[in-house]
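# Survey of secondary and tertiary structure
Spelled out, the chains give:
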Amino acid sequence: MILFFYNLALLTALVAGSPWWLWRVATTQKYREGLGERLGSVPLRLRTVNAGGKPVIWLHAVSVGEVLAVSRLVQEIDAAFPGYRLLISTTTRTGQELARTRFGAERVFYCPLDLPWAVRAYLSAVQPQLLILAETEFWPNLLNGCFRRDIPVAVVNARISDRSWPRYQMLRRLWRPILSRLSRILAQTQTDAERLTALGCPPELVSVSGNLKFDVRAVVESDATRFLQNQAEGRRFFVAGSTLEGEESALAAAWPRLLSADPDLVMVVAPRHPDRFEDVVAVMKSAGIGVMRRSSWPAHWAGAPRLLRSGEVIVLDTIGELASVYSLACVAFVGGSLVPSGGHNPLEPAQFGVPIVMGPYYANFRAITDDLLTNNAIRIAPKEDLTRVLIELLNNPDEARQLGERARQVFEQQAGATDRSIAALSEILHIPSDSLGTIAPHGSAERQA
């Protein structure tokens, strides 16, 4: 009955909002891309996926952050369960682009909208033996479709942010009968585990596995990193990652004083959303700052003349290169934190021992940031103090180095979530832990629609 009212509300919203959606589809590329797949048109590469004889595991990661988080897990699933084929879906265009680059386009697709016919089409075509959801991508029709077909559903890296928690509580009557049927829930923190249990997840199936992002290593240098290393010639890089509107203007205002503290500084700004690349370039130019776009760099730059000048700002207008570029930073600012947006992931610079500065808004990464704060491994600065805190770190390299090293230690100490996730998934698939990577799948017969 709850699902009936959910679908009735969903259909009503679609009909009422159809003029707006049709206008967006007609005028905006990102709304057109993958539209057929989202509405239930299963691409040929997935309709023939079972022809190879391997049963399927379906992993869903909504956007860039989730794709980055599961990167190591994808590698380990491939290695631990060779008798299965892993498919990955995303919701956003940027997540799709990154997933295709990292995991191979042939096994990446857009997740269908949570419409009964769209979900049914994908479950019938793919016939997964396990659905894995990253974080809290709970969609009632997708989950109900899996339950009706006896497909187990596991949630990895599960979390409920401070901002989302009140909304989940308001709808707990909707979620309880759905979440009570999940097969396994691996929460990031004890707080997340308690919240998920309160919403209806069976307590005996909820455990704290840690954060998968602690296991992600940027082991491959990006082209941007190699180019910057080639161009450095004594320059130092201040990297501002995942920035949002209002933060770039604050950085532009601080830039003259930062250059007074370190005249050899170059700023790398990586906006969180690609549709803001042009806006960020305009912000810097209006402040009288020289700007270079990553996309303007030559394709073959080895031996190219030096292009960088001290005091310039580089706009990193690409996807998937920020994590590697952080390795070059003398100081890193993690964005989404000067404005009330919940913050972004401080682990990316932490893994390289880079001193980290964030604003006061980090609710989406509270557990991680609190761990760093407890270990004196991060600096929190509101907008009015940002310039002062950055200058202190630039003027005190020993203090900055020690701050970054403590951040690296926190990162290393928290690793292990991937191994715990693989162990839990192997139990669902009935694979003994001592046979991972060697055993054929249990119950590999095709599931019936």
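Here's what I pulled together on the structure shown here.

Conventions used here
- Residues numbered from 1 in each chain as written.
- Predicted model: local features only at pLDDT ≥ 70, side-chain atom pairs only at ≥ 80, totals over all residues.
- Heavy atoms only, no water.
- Helix = DSSP H or I, 4+ residues; strand = E, 2+ residues; numbered from the N terminus.
- Rg over C-alpha atoms; globule rule 2.2 N^0.38 Å.
- Buried < 20%, exposed > 50% of the residue type's maximum accessible area, 1.4 Å probe, protein only.
- Contact = heavy atoms within 4.5 Å.
- Areas by Shrake-Rupley, 256 points an atom, 1.4 Å probe, with all protein chains shown as cover.
- Pairing = 2+ DSSP bridges.
- Patch = residues over 30% accessible without salt bridge, like charges linked within 9 Å, V, L, I, M, F, W, Y side chains within 5 Å.
- Salt bridge = Lys/Arg side-chain N within 4 Å of Asp/Glu carboxyl O.
- Core = buried A, V, L, I, M, F, W, Y, C linked by side-chain atoms within 4.5 Å.
- Axes fitted to C-alpha atoms, helices over the stretch in contact; angles between N-to-C directions.
- Parallel < 35°, antiparallel > 145°, perpendicular 65-115°, else oblique.
- Nonpolar A, V, L, I, M, F, W, Y, C, P; charged D, E, K, R; others polar.
- Phe/Tyr/Trp six-rings, centres within 6.5 Å; stacked < 30°, edge-to-face > 60°.
- Lys NZ or Arg CZ within 6 Å of the ring centre and 35° of its normal.
- Polar contact = N/O pair within 3.5 Å; in protein donor to acceptor, adjacent residues only side chain to side chain.

### Quick look at the overall build of the protein
Within the protein, the regular secondary structure consists of 21 helices and 14 strands. Since a compact globule built from 449 residues should have a radius of gyration of about 22 Å, the 23 Å found for the protein is in line with a globular shape. Counting over 449 residues, the protein shows a buried share of 55%. Taking contacts inside the protein between residues at least 6 apart in sequence as the whole, the part at least 24 apart equals 69%. Per element, the accessible surface of the protein, about 19,400 Å² overall, is 53% carbon and sulfur.

### A word on the pairing of strand 12 (residues 329–334)
Within strand 12, 6 of the 6 residues are buried, which leaves it mostly tucked inside the rest of the structure. In this sheet, strand 12 lies alongside strand 8 (residues 236–243) in parallel orientation, the contact comprising 5 bridges. Residue pairing in the sheet places Phe237 in a bridge with Ala329 of strand 12. Both strand 12 and strand 13 (residues 356–358) contribute to a ladder of 3 bridges, which runs parallel. Across the sheet, residue Ala332 finds its bridge partner in strand 13, namely Ile356.

### Re unusual backbone geometry
Its identity is not glycine, yet Asn157 carries a phi of approximately 55°, on the positive side. With respect to the helices, strands and loops of the structure, Asn157 is situated in strand 5 (residues 153–158). Phi is positive for Asn376, close to 50°, though the residue is something other than glycine. Inspection of the secondary structure puts Asn376 in the loop between helix 18 (366–374) and strand 14 (379–380).

### Brief notes about the pairing of strand 1 (residues 56–60)
With 5 of 5 residues buried, strand 1 lies mostly within the body of the structure. The sheet contact formed by strand 1 and strand 2 (residues 85–90) spans 5 bridges and is parallel. In the strand pairing of strand 2, Val56 is matched with Arg85. The pairing of strand 1 with strand 4 (residues 128–134) spans 5 bridges and is classified as parallel. Across the sheet, residue His60 finds its bridge partner in strand 4, namely Leu133.

### Regarding the side chain of Asn364
By the element assignment, Asn364 lies in the loop between strand 13 and helix 18. Beyond its immediate sequence surroundings of up to four residues, Asn364 is in contact with Arg159, Ser161, Arg163, Ser341, Gly342 and Gly343.

### Side note on a nonpolar patch on the surface
There is a patch of nonpolar side chains on the surface, built from Phe4, Phe5 and Leu8 and spanning about 320 Å² of accessible area. Along the chain, the position of Phe4 falls in helix 1 (residues 2–27).

### Focus: the nonpolar core
Ranked by size, the top nonpolar core spans 39 residues in total, and within it Trp58, Phe138, Leu143, Val153, Leu182, Ile185 and Leu196 carry the most contacts. If we skip the residues at most four places from it in the chain, Phe138 touches Leu133, Leu143, Val155, Tyr168, Trp175, Leu179, Leu182 and Leu196. In this structure, Leu308, Leu316, Ala350 and Ile368 belong to the second largest nonpolar core, which totals 36 residues.

### What to know about the packing of helix 19 (residues 386–395) against helix 20 (residues 397–413)
In helix packing, the relevant descriptors are the interaxial angle and the interaxial distance, both defined with respect to the helix axes. Two elements in contact, helix 19 and helix 20, have axes separated by 5 Å at closest approach and are oriented at 105°. By the criterion of interaxial angle, the relationship of helix 19 to helix 20 is roughly perpendicular. On helix 20, the residues touching Leu393, Leu394 and Asn395 of helix 19 are Pro397, Glu399, Ala400 and Leu403. When grouped by side-chain class, the residues that make up the contact of helix 19 with helix 20 number 5 nonpolar, 1 polar and 1 charged.

### Looking at the packing of aromatic side chains
Under the defined criterion, the tally for this structure stands at 7 aromatic pairs. On the basis of an interplanar angle of 55° and a centroid distance of 6.0 Å, the ring pair of Phe214 and Phe411 is categorised as tilted. Here the residue Phe214 occupies a position in the loop between strand 7 (206–208) and helix 13 (223–231), and Phe411 occupies one in helix 20, the gap between them amounting to 197 residues. Relative accessible area serves as the criterion here: at 1%, Phe411 is assigned to the buried category. With a centroid separation of 4.0 Å and an interplanar angle of 25°, the aromatic rings of Phe227 and Trp297 are classed as stacked. Here Phe227, found in helix 13, pairs with Trp297, found in the loop between strand 10 (291–293) and strand 11 (313–315); they are 70 residues apart in sequence, far enough to count as distant. The two residues Phe227 and Trp297 agree in class, both being buried. Aromatic ring contacts, followed pair by pair, group Trp58, Phe109 and Tyr122 into a single cluster. A cation over an aromatic ring shows up here: Arg159 above the ring of Phe365, its NZ or CZ 5.4 Å from the ring centre.

### Brief notes about the environment of Ser180
Secondary-structure assignment places Ser180 in the loop between helix 11 (172–179) and strand 6 (184–187). Ser180 gets classed as partly exposed once you look at its relative accessible area, which sits at 35%. Put simply, Ser180 and Leu196 are 16 residues apart on the chain and 10.0 Å apart in space, counted from C-alpha to C-alpha. Other than its neighbours up to four places away in sequence, Ser180 contacts Gly200 and Pro202. One polar contact links the side chain of Ser180 to the main-chain carbonyl oxygen of Pro177, over a distance of 3.2 Å.

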